[in-house]
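Descriptive analysis of the structure
Listed below are the residues making up each chain.
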Amino acid sequence: MKVLELKNVSKVFYSKTQETQAVSNLNFDVNEGEFVAIIGPSGCGKTTVLSLISKLIQPTSGEVKLYGGSNVGYMLQRDQLFEWRNIERNVQLGLEIQRKLTEENKRYVENLLKKYGLWEFRKHYPAELSGGMRQRAALIRTLATNPDLLLLDEPFSALDFQTRLDVCDDVYAIIRSEKKTALLVTHDISEAISLADRIVVLTERPATVKAIHEPRLNHIAQPLKRRESPDFSKQFELLHKYLHGETQ
Amino acid sequence: MKNNFTKEHLLYLRGQRVHKILVHTARIGVLVLLLGLWELAAQLNWIDSFITSCPSRIWKKFIELVAAGTLWHHMGVSTYETLAGFAIGTVLGYCIAVVLWWNVFFKETFEPYLVVLNSLPKIALGPIIIIWAGTGKASIITMAVLISVVITAITILNGFVATDKEKALLLRSMGANRFQIFTKLVAPANVPTLMATLKINVGMAWIGSIMGEYLVSKEGLGYLLVYGSQVFQLDLVMTCTVVLCALAGLMYGAVALLEKIVVKRF
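So, here is what we can say about the structure in this document. (Residues numbered from 1 in each chain as written. Chains lettered and ligands numbered in written order. Predicted model: local features only at pLDDT ≥ 70, side-chain atom pairs only at ≥ 80, totals over all residues. Heavy atoms only, no water.)

Each helix and strand in chain B was counted, giving 12 helices and zero strands. Shown N-terminal to C-terminal, the secondary structure of chain B runs as helices and strands in the order α-α-α-α-α-α-α-α-α-α-α-α. Its C-alpha atoms give chain B a radius of gyration of 24 Å, clearly above 18 Å, the size a compact globule of 266 residues would have. In terms of principal-axis extent, the alpha carbons of chain B reach across some 75 × 70 × 30 Å. Counting only residues that meet the buried cut, chain B has 37% of its 266 residues in that class. With an accessible surface of roughly 15,400 Å², chain B has 72% of that area assigned to carbon and sulfur atoms. Within chain B, one finds 22 positive and 13 negative side-chain charges whose respective centroids are separated by 11 Å. (Helix = DSSP H or I, 4+ residues; strand = E, 2+ residues; numbered from the N terminus. Rg over C-alpha atoms; globule rule 2.2 N^0.38 Å. Buried < 20%, exposed > 50% of the residue type's maximum accessible area, 1.4 Å probe, protein only. Areas by Shrake-Rupley, 256 points an atom, 1.4 Å probe, with all protein chains shown as cover. Lys, Arg positive; Asp, Glu negative; His and termini not counted. Charge placed at Lys NZ, Arg CZ, Asp CG, Glu CD.)

Residue and element names in this part refer to chain A. Read across the open sheet, the six strands follow the order β5-β6-β7-β3-β8-β9; overall the sheet is mixed. In this open sheet, the two edge strands, each paired with only one partner strand, are β5 (72-75) and β9 (209-213). For this sheet, the mean angle separating the axes of adjacent strands, direction not counted, is 15°. Here strand β8 (residues 198-202) runs beside β9; their pairing, made up of four bridges, is antiparallel. (Pairing = 2+ DSSP bridges. Axes fitted to C-alpha atoms, helices over the stretch in contact; angles between N-to-C directions.)

Taken residue by residue, the interface counts 19 residues in chain A and 18 residues in chain B. Summed over both sides, the interface between chain A and chain B buries roughly 1,900 Å², with carbon and sulfur atoms accounting for 65% of that surface. When the area that chain A buries against chain B is broken down by residue, the three leading residues are Leu56, Trp84 and Ile97 of chain A, summing to 37%. Where chain A packs against chain B, one counts one salt bridge. We note a salt bridge from glutamate 96 of chain A to lysine 184 of chain B, for which the minimum N-O separation is 2.7 Å. At the surface where chain A touches chain B, the tally comes to four residue pairs in polar contact (both at pLDDT 80 or more). Elements supplying a minimum of two residues to the side of chain A that touches chain B: β5 and α3 (93-97) of chain A. By residue number, the principal contributor to the side of chain A that touches chain B is α3 of chain A, which donates four residues. A class-by-class count of the residues in the side of chain A that touches chain B yields 10 nonpolar, three polar and six charged. (Contact = heavy atoms within 4.5 Å. Buried area = accessible area lost by both parts, 1.4 Å probe. Salt bridge = Lys/Arg side-chain N within 4 Å of Asp/Glu carboxyl O. Polar contact = N/O pair within 3.5 Å; in protein donor to acceptor, adjacent residues only side chain to side chain. Nonpolar A, V, L, I, M, F, W, Y, C, P; charged D, E, K, R; others polar.)

So this is what it looks like as structure tokens:
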């Protein structure tokens, strides 16, 4: 079942001196339970795509269809935890905003905190947590509103390399065990191959779909292990070529 | 809680403590030295203490004023005017900042006016204030408000505008409206800005109230200062100045304490 569908979506930004076509005639969809990655050259409008999906901006033409409600959870590059709230109050932020801070939802969040090792830290402030734990807290905050679709905007890029690999495994495991549908935007080819069921390759600006690639590494459970698969480097080369325009 | 520090650590801590004690001693030393020199110069007639006054005469005057009860009255009046100006100026400035943050059109419309008002020496408005608000406490408080309100509005508005855009984006993606963005993000994120503004406003409010008293008053420390200089009683002028220093320092200390309590997390 489809969760998201983009039909001929275009977006033009206007400024004083010029108009910029950020996205042009974009078509792709995301099915329930799927993990889809979007990769593209830097500055190609990847983040614009997420803003369109989360309805923060409207498309100039075309249609963004969210099936089964428009409840999306947005996870940004930096964790954006509020320093003046403890972890518990941070992860409840979305529920507060949507006025859904019921006892039932509070219990749901409590469960997430317990399941993913942040329960003992619920009264701690973000500054007291490591980068990996902060990112996990940010993920739980995103999951708290029980979204149908998770949008991940380069959620690991602010972390150093070693932490990034660990947090990547961690986030992937949580998303899978919560059976969430996810759409990840990244410029990191290896990250896309190791995480995604499907990879949407975008062209340079104006972004449009260049290719859709399936890594077929699902038999390996952990993203970190997938990086060791013999297939991995072949796929990396292929995607690298796609990105740099050497294939038709 | 007892800590088991290593010898080197203890040595380091002692060094820090010694440094702190030295600084405090030096601070007090400077004051004692200056006062002593002043007193000595007056006693040995190097300077004319009729014009310069001296610590012992200031102390005598202080006791005299306290005994007569007049000092408390004047201190009370000035403090009341300053606190009123401080409170009204801060609240009003904050409200102006909120309105201008809320509505971009208002912000763009009124920003140049704020800039001009900020550069205007508010004392120039003295005559107008006297005519409009009379010669009582009202016009003195108005002066204190005028001096603090514009800088408050500008500083706080800058803080509001500089609030992390990514965090605002996160809230909007959760479906937050502008009111929620303000209460959940912009207001708490700018508590440190508010505290910094309060510190500035202590000084601003005192300038306003003393200036106001120079212009119109029949009571207050500003009045006493002007009166002292007119009758050429330098002891009175100096005593008032010292008392003013103490009051302003006390108020600043109170705000700094408040900041320490509030800003822990921000």
